[in-house]
Amino acid sequence: MAGAGLAQGYPARPVTMIVPFAAGGPTDVIARIVGDHMSRTMGQQVVIENVAGAGGTTGIIRGAQAAPDGYTLMMGHMGTHGAAPALYPNLKYDPAKSFDPIGLAAGTPIVIVARKDFPAADLKGFLDHLKKNSEKMNQAQAGVGSVSHSTGVLFDSVVGIKPTLVAYRGTGPALNDLMSGQVDFMTDQIVNVAPQITGGNIKAYAIATPERSPALPDVPTTKEAGLPAYEVSAWNAVFAPKGLPADVNAKLVAALRAALADETTRKRLLDLGAVIPDAKGQGPQALQTLVETEVARWTPVLKAAGAVAN
Ligand code: MLT
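Here's what I pulled together on the structure shown here. (Residues numbered from 1 in each chain as written. Predicted model: local features only at pLDDT ≥ 70, side-chain atom pairs only at ≥ 80, totals over all residues. Heavy atoms only, no water.)

## Considering the pattern of salt bridges
Inspection of the entire model under this criterion finds 12 salt bridges. Residue Glu224 is joined to Arg212 by a salt bridge in which the shortest nitrogen-to-oxygen separation is 2.9 Å. Highlighted residues: Glu224 in helix 9 (residues 222-225) and Arg212 in the loop between strand 8 (202-207) and helix 9, separated in sequence by 12 residues. Here Asp271 makes a salt bridge to Lys267, at a shortest N to O gap of 2.6 Å. With Asp271 and Lys267 both in helix 11 (residues 263-271) and four residues apart, the pair spans about one turn of that helix. The class for Asp271 is partly exposed, based on a relative accessible area of 47%. Sharing partners across several salt bridges, the network here consists of Asp36, Arg40 and Arg268. (Salt bridge = Lys/Arg side-chain N within 4 Å of Asp/Glu carboxyl O. Helix = DSSP H or I, 4+ residues; strand = E, 2+ residues; numbered from the N terminus. Buried < 20%, exposed > 50% of the residue type's maximum accessible area, 1.4 Å probe, protein only.)

Structural data, given as structure tokens:
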């Protein structure tokens, strides 16, 4: 009964959504877009709290240990809830057991981007330059286990290079350094880099999806550009700590679904190149299945890429 009582008044105060990376990056952008609409549906502000560190695991640990009362949520993703277990043997949460999955928010194709004065006109030239100058190249990423790290290590393994990995508290700050030429390249989620590619402030050599993105129609796929072995996408999803009262869980699931059905919210996400899950791909069960699949997929991939001590 207590649970039901809680649910009836829920939410009675603002809800915190932990973003486990610095403000301004892809995870932050997606959280603010869906959180904005969820605030309206729930009648209480969804307040974003950026808790960066350790490839996103610091913030997710904080969220996993919060009270399961609906007032702490997390925006996790393919890094924190897919790659992390392979890279952190003593990880203080289990992506498939420590959470109430609320639902997938957005799929995020990965784009290979470089500083705008990088001396290569296309992906082939980019790869040639990387191979000839590997030890001089600086590759940005958002910490071990992040999407930019996992997809970056996979890229390096496919291409056969060992650049210097430069860690940031998110790919928002990393993008600033890419634009100022402090780092040479990175593999990042489309929602972060699309505006800067369109604005000509960074170069995009390819998108690692089978089809081009409507948000970046002139960017070739890796297959078209000659690197078919590199196809990878990420995703961002809303989680709560395990054990929400059933009605609180249902309210959150419904609020996220409403956000993804809202035309303005959809346009904001689509304009950035996000892929919005269809009804079947939304909701707790689809996310639970995705997490289990992704953890199983990324462990051998990262081992093969030499990112995991065997
Ligand atoms: C990552 O995993 O690379 C993060 O999503 C970067 C970020 O959101 O800042």
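## Remarks on the nonpolar core
Counting residues in each nonpolar core, the largest one holds 50 residues, and the members touching the most others are Met17, Met38, Met75 and Leu252. Top contributing element to this core by residue count: helix 10 (residues 246-261), with seven residues. Built from parts of two domains, this core gets at least three residues from each of domain 1 (2-107 + 236-304) and domain 2 (109-225). Aside from chain neighbours lying at most four places away, what touches Met38 is Met17, Val46, Leu73, Leu252, Ala255, Leu256 and Ala259. (Core = buried A, V, L, I, M, F, W, Y, C linked by side-chain atoms within 4.5 Å. Domains from an automatic or database assignment. Contact = heavy atoms within 4.5 Å.)

The values reported here are purely geometric and, on their own, carry no functional implication.
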